[in-house]
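A look at the structure
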Amino acid sequence: MSALQVIGDPVLHSLSPVIHGAMLKRLGLDIPYTAHVVKRGELGEYFAWAEKNGVTGFNATMPHKQDLIPLLDEVDGDAALFGAVNTVVMRNGRKIGYNTDGVGCLAALEEAGMWPAERVVLLGAGGAARAVALKLAGSGAKTVYVCNRTVEKAEELCEADPNGVLKSAGFAPEALAGLCGSADVLINCTNLGMAGCEQFEDLGFLEALPSHAGMFDLIYHPEKTELLSRGERLGHRVCNGLPMLIHQAIFALEYFLDRPLDHGEMGEAVRDALKNR
Ligand code: NAP
């Protein structure tokens, strides 16, 4: 018996059961994937429960991504670098942690024709920004400006970069415009523009982007943020966060099943399921 889960608190709103359910169905595998509320501090109890109940892998969302690390037998390279785990495989009595956010973002950028890129302006320095910035820094970018409202958090993130590619910067519109002038791609990793969250007060800095620059927003709800709408009106290629969400899930399922999957086929199954839910 095998079962997969997503754990977190809150977690019942998660799209992961729909996404993984669609992929497992397309693969003809009768493996349940369910959401399970696990409160902060209760990971030890969860592991005991999971082992007894045939759980062979799980995805983790807040508040567990960092707390999992000391509880695992092995932590993969990206997860160790980001200091966060979003996928855990339980096999042969061992618990192994991975992080698929960085590789998921890279695959989505490539698919959108925005990667490889040399100069990146990245907005935000939270959990998602950390994974994306460090992945791009280790994947050939020459400079990634990490621009954050709380500049100390941007500085801390840049210090974690072993490649010296990340440079910290502030979030004032004039500073952003200065950096955007030479950007190949702009990536929004803040909450700004997400449904129910605050909006960018001033998007004038987008006018400074060169015409070839792509724009990628990690947000997928709404489907098109004000940032992307404005960028599209200015003639830029734009992409929202759904392809990243889908690719990171496919990479996670590859770890769970221990075999490569066709990202095109899996992506199609997921998009159909999301449309029809
Ligand atoms: P997080 O750790 O809470 O970080 C939030 C970031 O947004 C911080 O840099 C924060 O700046 C900034 N921010 C929040 N409010 C702001 C404001 N009013 N003005 C300026 N900056 C503001 O969140 P996260 O986990 O990194 O997630 C960030 C976004 O990425 C969310 O919208 C999430 O849904 C999305 N996401 C998408 C995917 C995907 O697969 N597509 C994956 C992960 C996350 P301070 O440091 O100054 O507070």
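Refer to the structure above for everything that follows.
Read on for a plain summary of the structure. This structure is a prediction, so every number in the text was calculated from the model and none was measured.

1. Thoughts on the overall build of the chain
Across its full length, the chain carries 10 helices and 12 strands. In summary, the chain has a C-alpha radius of gyration of 19 Å against a globular reference of 19 Å for 277 residues, a match within 12%. Dimensions of the chain along its principal axes, counting C-alpha atoms only, are 55 × 40 × 35 Å. Across the 277 residues of the chain, 51% fall into the buried class. Here the analysis covers contacts within the chain between residues at least 6 apart in sequence; of these, 65% occur between residues at least 24 apart. Within the structure as shown, the chain displays about 12600 Å² of accessible surface, and the carbon and sulfur contribution to it stands at 49%. Charge centroids of the chain, computed over 24 positive and 35 negative side chains, lie 3 Å from each other.

2. Examining the site of the ligand
Not every one of the 22 residues close to the ligand is listed here, only the nearest: A128, N148, R149, T150 and K153. Here an oxygen atom of the ligand sits 2.9 Å away from a polar atom, N or O, in the side chain of R149. The contact in question runs from an oxygen atom of the ligand to an N or O atom on the side chain of K153, over 2.8 Å. Broken down by secondary-structure element, the contributors of at least two residues to the shell around the ligand are α5 (127-137) and α9 (242-257). Looking at the shell around the ligand residue by residue, the class counts come to 11 nonpolar, 8 polar and 3 charged.

3. Details of the side chain of H64
Take H64: it is sitting in the loop between β3 (55-60) and β4 (74-75). For H64, a relative accessible area of 0% puts it in the buried group. Contacts of H64, omitting those with residues within four sequence positions, involve I7, G8, V38, K39, R40 and L43.

4. Some points on the nonpolar core
By size, the foremost hydrophobic cluster in this structure holds 33 residues, and its most contacted members are V146, I187 and F216. Among the secondary structure elements, those contributing two or more residues to this core are α4 (101-111), β7 (119-123), α5, β8 (143-147), α6 (151-159) and β10 (185-188). Setting aside anything within four residues of it in sequence, one finds V146 in contact with L122, G124, A125, A133, A154, L157, C158, L166, K167, S168 and A169. Judged by nonpolar contacts, the second largest core, of 23 residues, contains L4, I96, Y98 and I250.

5. Side note on the pattern of salt bridges
Summed over all chains, the structure comprises 13 salt bridges. Residues K39 and D9 are paired through a salt bridge, measuring 3.7 Å at the closest nitrogen-oxygen approach. Residue K39 is located in the loop between β2 (33-37) and α2 (43-52), and its partner D9 is located in the loop between β1 (3-8) and α1 (16-26); the two are separated by 30 residues in the primary sequence. A relative accessible area of 43% means that K39 is categorised as partly exposed. The exposure class assigned to D9 is partly exposed, which follows from its relative accessible area of 29%. Of the charged contacts in the structure, one is a salt bridge between K275 and D272, with a shortest N-O distance of 4.0 Å. Remark: D272 and K275 occur in helix α10 (residues 263-275); sequence separation between them is 3 residues, near one turn of the helix. Each of the salt bridges in this network shares a partner with another, and the network as a whole consists of E118, R119, K142 and D184.

About the criteria used
Residues numbered from 1 in each chain as written. Predicted model: local features only at pLDDT ≥ 70, side-chain atom pairs only at ≥ 80, totals over all residues. Heavy atoms only, no water. Helix = DSSP H or I, 4+ residues; strand = E, 2+ residues; numbered from the N terminus. Rg over C-alpha atoms; globule rule 2.2 N^0.38 Å. Buried < 20%, exposed > 50% of the residue type's maximum accessible area, 1.4 Å probe, protein only. Contact = heavy atoms within 4.5 Å. Areas by Shrake-Rupley, 256 points an atom, 1.4 Å probe, with all protein chains shown as cover. Lys, Arg positive; Asp, Glu negative; His and termini not counted. Charge placed at Lys NZ, Arg CZ, Asp CG, Glu CD. Near = heavy atom within 4 Å. Polar contact = N/O pair within 3.5 Å; in protein donor to acceptor, adjacent residues only side chain to side chain. Nonpolar A, V, L, I, M, F, W, Y, C, P; charged D, E, K, R; others polar. Core = buried A, V, L, I, M, F, W, Y, C linked by side-chain atoms within 4.5 Å. Salt bridge = Lys/Arg side-chain N within 4 Å of Asp/Glu carboxyl O.

None of this, on its own, says anything about what the molecule does.
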